[in-house]
Each structure stands twice: as C-alpha cells, then as structure tokens.
Amino acid sequence: MGPMTYNAVETITRKRDGGRLADDQIRWLIDAYTRGDIADEQMSACAMAVFFQGLDDAELACWTRAMLDSGKRMDLSTTSRVAVDKHSTGGVGDKITLPLAPLVAACGAAVPQLSGRGLGHTGGTLDKMESIPGWQAYLSDAALLTQLETVGAAICAAGADLAPADKKLYALRDVTGTIEAIPLIASSIMSKKIAEGAAGLVLDVKVGTGAFMKTPERARELASRMVGLGQAAGVRTVALLTDMNTPLGNAIGNALEVGEALEVLAGGGPDDVVELTVTLAREMVTLAGLDIDPADVLASGRAMDVWRRMVEAQGGDPAAPLPQARFAEVVTAESSGYLTRLDALGVGVASWRLGAGRARQGEAVQAGAGIMLHAKPGDAVKSCEPLMTLYTDTPERMEDALAALDGAVGIGPEPPTRTPLVLDRIEP
Ligand code: URA
C-alpha cells in the first residue's frame, strides 16, 4: 500500500477546531505543499490555524522533521574541527555573526554560518556582508567544506536544497500575518539549523519591541521548544534570551554594521556588542569542547586575522573602503536630560525606510543606508545636540524614515534603570 493521502480541507479544519494532526498527515502536508500539490491559500489557512491552535511537542517534532527532510542534511564529518553554529531570531543592529564567526574559528572550532537576507525591519547577514566590495555569498558545498577546514569560518547563503519547504512556507507566512507563531518559528529555524549539520548550536532568542517575541514569557517558550528540538535531533543546543528593546550597538544598516563589527574585531566597539559577542562565543566554544577564553583570543587580534582570510576566501577585499551613503541628516535631542528609551522597532523601521532593508523579496538594498546612534539609553543628552545621523542615497525617503522615529525616543530627568543584556539561559 502506498503512503496514506489526506485532504487539505480536512487538515485545515481539524487544526482550526483544535484537533491533533497525525504524523502521517503532517508529513503529507509539508511534502504536498513543497511539491505544489497544496495551494498557497490552503497552506496559509493551515498556518493561521496553527497560529491560533498551536502544535503539541510531538506534532512540532514531526513538522520540523518533515521540513528538514524536504531537503538534504549537510555532512560536516570530514572537517577536523568540531562545527558549532549560532542563530539569532532577528533584531535591529544585530551584526553579532560578523565578529562572532571569525572569533569562534580563531578559538579552534568550525563555524558554518549559513545565513539569509533581511525582510522587513530586521537586517539580513548576507546583505551586510555584500556591502564588502567583491564579496560573494554563494559557495558550493565543496568550497564551504574547504573553507571550514582552512579558514575555520564561512558566512554564506543557504543553498536551495537546505529545507526548501521552509523557503516556500516562510515567504507565505511573511505575507499572511503568520510569522509570529511559536511552533512555526521553532520549526523554521530548527529545520535549517539541523540541516546544517553542526554538532552544537547556540540560539540567541531576542525579546522586546524590535523582536518577534515581545515578552520574556513567549521568548522563553520559543527558546525551550527549540532547545528540545535540537536535543532530539542530536544537536547540543543552548539558548540565551537577550534584550531587543533597544538596538544593539550604535550602527544600524549594512555597511555601517560591517564597520562596527570591524571595530569589535580590532579590540574596540560598543560595550553591548562586545559583551554579546564574547558571551555567545563562550557558549559555542564550550559546546565544541574547547578550553579557551574567547575574550583573550579577541584581544590577541587573531579573530581579525580570520575575518580577513574569511572575506578574501569569498572574493572580498577586506582593505577596501566600505560604501557610504550620499545624503545624511542629523536628528537632535528635543530637550536635555537622560535618554530613557530608544525603541528598537522605530529605529529598525526608520533604517529600513532609508533603504537598508527591502519591502519585497528580491529587491536591492542600499549598502550605505542606515542610522548611526550618538547616544544610547542611560546617556546624558543636551537639547539640540545630535542623537543620531540618518544616511541614505535616496533623500526622498528621509521624511518617511523620520516619521518612523516619532515616539521612539524618550528623554527624562533621571537615567533609566539598567536592564541586563542577557536575560536568561535555557539549556536542555
Ligand atoms: N527566522 C526564521 O528563520 N524563521 C522564522 O520563522 C522566524 C525567524
């Protein structure tokens, strides 16, 4: 007897009414959708049903496995280094992958950082790297394996055969209001990360206005479900919950963020970016079983050496000047006092509107567009002095970007209470 076939409408209504989907039914659904046998409108109804009704642990494990099995799993067993990987659920100014991958490679692990492009207000790692003159995102599997062996790290595009079900489903969710469902995010991320074939995985789950998860409770649930999926698939997985109410660092935008990552690799850079880079690196190094402190390796300059080799290996010129935007506008403080709030979502949307992000898949982004912050929450600010500078090649976008900043800045008489960057750690 061939595999059981199900009916799309029955599958949608069962989930809509709070029922459980059988393992076979989930495998059929993902497979039929990937092959084009289930229409987009049916799959989007199904995603909405999951958004409201959820998936239990067994359903989620099966859903994730079906997405993983829609493509192939990479085999990194030929590399002599232990492969470890990190994934962030996405934030504003989150350029951590750029200094982190070469740092962890300099510590002795292999870091296969298969990345994506940005959609909406969160930036994509590939868009940032592509602002480096000559740098190529696409590597064959063979070239990736060689680079992991010789350089230790690669940031590159995920191939078409890595969880193709997710590529299709993610694009559908993006236009149907079904991104923010915990089981759909967990299966989307973990199917790709398990397919990458790393032995260890550190998840940076963002919490706050600029993140998909707005509250620590929801972020904790997402984190623990992803940790469970990783463990069940044989990938040692740890998650950190980190703050995303305010942008990370001072630079938001593609080339601007590369510039800030270079400062960190050179031993400087904003405190929050350095703290998160070193904290995540310690987790990755521990998962790789290495006895070395990444803070010492960062200070030694060896991570910068790996960065240069990593960029050169993909055709980039690490010494070339980064592109700059043609127009700039300074936003000043409306009063004197302390900066109490700098909303990550407002700043992210403003940077996106300046041209750093895209509204539709496939659109080009501006390498130089974005925002440089001159003050962060807790800093004293003076009326009429610069708070941030906005950059773009298309000045007609300035007005819309400024509108996104409406209400994003708070100035008060007292400094705000400091909130930690790392809010929680979730392990199996
Ligand atoms: N990142 C992903 O890869 N998938 C999601 O669903 C959300 C964030």
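In what follows, the structure referred to is the one given above.
If you're wondering where the values come from, they're calculated on a predicted model, not measured in any experiment. (Residues numbered from 1 in each chain as written. Predicted model: local features only at pLDDT ≥ 70, side-chain atom pairs only at ≥ 80, totals over all residues. Heavy atoms only, no water.)

Visitor: An account of the sheet that holds strand β12 (residues 409–412) is requested, with residue identities and associated values reported.
Guide: Picture the strands of a sheet paired through backbone hydrogen bonds; they go either parallel or antiparallel. The strand order across the open sheet built from three strands is β10-β8-β12, with neighbouring strands paired in antiparallel fashion. The open sheet terminates on both sides in strands that have one partner only, identified here as β10 (380–381) and β12. Relative to β10, strand β8 (residues 337–342) is paired through two bridges, and the arrangement is antiparallel. Of the residues in β10, the one forming a bridge with G337 is V381. (Pairing = 2+ DSSP bridges. Helix = DSSP H or I, 4+ residues; strand = E, 2+ residues; numbered from the N terminus.)

Visitor: Describe in detail helix α15 (residues 344–356), supporting the description with residues and values.
Guide: For α15, built from 13 residues, the straight-helix expectation of 18 Å at 1.5 Å per residue is missed by more than 12%, its first-to-last C-alpha distance being only 15 Å. With 10 of its 13 residues buried, α15 lies for the most part within the structure. Along α15, the residues classified as buried are A344, G346, V347, G348, V349, A350, S351, L354, G355 and A356. Looking at the buried side of α15, the elements it contacts are β6 (251–252), α11 (254–265), β8, β9 (370–373), β11 (386–392) and α16 (398–404). (Expected span 1.5 Å × (residues − 1). Buried < 20%, exposed > 50% of the residue type's maximum accessible area, 1.4 Å probe, protein only. Contact = heavy atoms within 4.5 Å.)

Visitor: Any details on the packing of helix α2 (residues 23–35) against helix α8 (residues 164–174)? Residues and values, ideally.
Guide: For the pair α2 and α8, interaxial distance at closest approach is 9 Å and the crossing angle is 80 degrees. Here α2 lies roughly perpendicular to α8, going by the angle between them. Here I30, Y33 and T34 of α2 lie close against α8, whose contacting residues are P164, A165, K168, L169 and L172. The class makeup of the residues in the contact of α2 with α8 is six nonpolar, one polar and one charged. (Axes fitted to C-alpha atoms, helices over the stretch in contact; angles between N-to-C directions. Parallel < 35°, antiparallel > 145°, perpendicular 65-115°, else oblique. Nonpolar A, V, L, I, M, F, W, Y, C, P; charged D, E, K, R; others polar.)

Visitor: Describe the side chain of H87, with residues and values.
Guide: Structurally, the position occupied by H87 is in strand β1 (residues 84–88). By relative accessible area, H87 is classed as buried at 17%. The contact partners of H87, leaving out residues within four places of it in the chain, are I189, K193, L201, V202, L203 and D204.

Visitor: Pulling in residues and values, what's your account of helix α7 (residues 141–150)?
Guide: Helical geometry: 3.6 residues make up each α-helical turn, so side chains three or four residues apart lie on a common side. L144, Q147 and L148 are the residues of α7 that are buried. Seen from one end, α7 has its buried residues packed into an arc of 100 degrees, which puts them on one side. Buried-residue contacts for α7 involve β2 (111–115), β3 (153–157) and α14 (302–313). Once α7 finishes, G152 follows within two positions and takes phi at roughly 100 degrees, a positive value. (Arc of directions from axis to C-beta.)

Visitor: Residues and numbers for unusual backbone geometry, please.
Guide: Of note in the backbone geometry, A163 takes a positive phi value of approximately 45 degrees without being a glycine. Structurally, the position occupied by A163 is in the loop between β3 and α8. Judged by its relative accessible area of 1%, A163 falls in the buried class. Even without a glycine there, the phi angle at C384 is positive, about 70 degrees.

Visitor: Go over the nonpolar core with me, naming the residues and quoting the values.
Guide: Judged by nonpolar contacts, the single largest core of 74 residues is most densely connected at M129, W307 and L390. Ranked by residue count, the leading element in this core is helix α12 (residues 271–287), at eight residues. Apart from residues lying up to four places away in sequence, L390 is in contact with F327, A328, E329, V331, L354, G370, I371, M398, A401, L402 and L405. Ranked by size, the runner-up nonpolar core spans 59 residues in total, among them A165, M190, A223 and I426. (Core = buried A, V, L, I, M, F, W, Y, C linked by side-chain atoms within 4.5 Å.)

Visitor: So what's going on with the packing of aromatic side chains? Residues and values would help.
Guide: Tallied over the full model, the rule gives two aromatic pairs. Pairing Y6 with W28 gives two aromatic rings, centres 6.1 Å apart and planes at 50 degrees, and the pair type is tilted. Here W28 lies in helix α2 and Y6 lies in the segment before α1 (8–16), a separation of 22 residues in the sequence. Given the relative accessible area of 15%, W28 is considered buried. A centroid spacing of 5.2 Å and a plane angle of 80 degrees characterise the contact between F51 and F52, whose relative ring orientation is edge-to-face. Here F51 falls in the partly exposed class, since its relative accessible area comes to 32%. (Phe/Tyr/Trp six-rings, centres within 6.5 Å; stacked < 30°, edge-to-face > 60°.)

Visitor: Got a sec to walk through a nonpolar patch on the surface? Specific residues and values, please.
Guide: A surface patch of nonpolar side chains, amounting to about 300 Å² of accessible area, comprises M48, F51 and F52. Tracing the backbone shows M48 in helix α3 (residues 40–53). Judged by relative accessible area, M48 falls into the partly exposed class, the value being 31%. (Patch = residues over 30% accessible without salt bridge, like charges linked within 9 Å, V, L, I, M, F, W, Y side chains within 5 Å. Areas by Shrake-Rupley, 256 points an atom, 1.4 Å probe, with all protein chains shown as cover. Salt bridge = Lys/Arg side-chain N within 4 Å of Asp/Glu carboxyl O.)

Everything listed here is a matter of geometry and, on its own, says nothing about what the molecule does.
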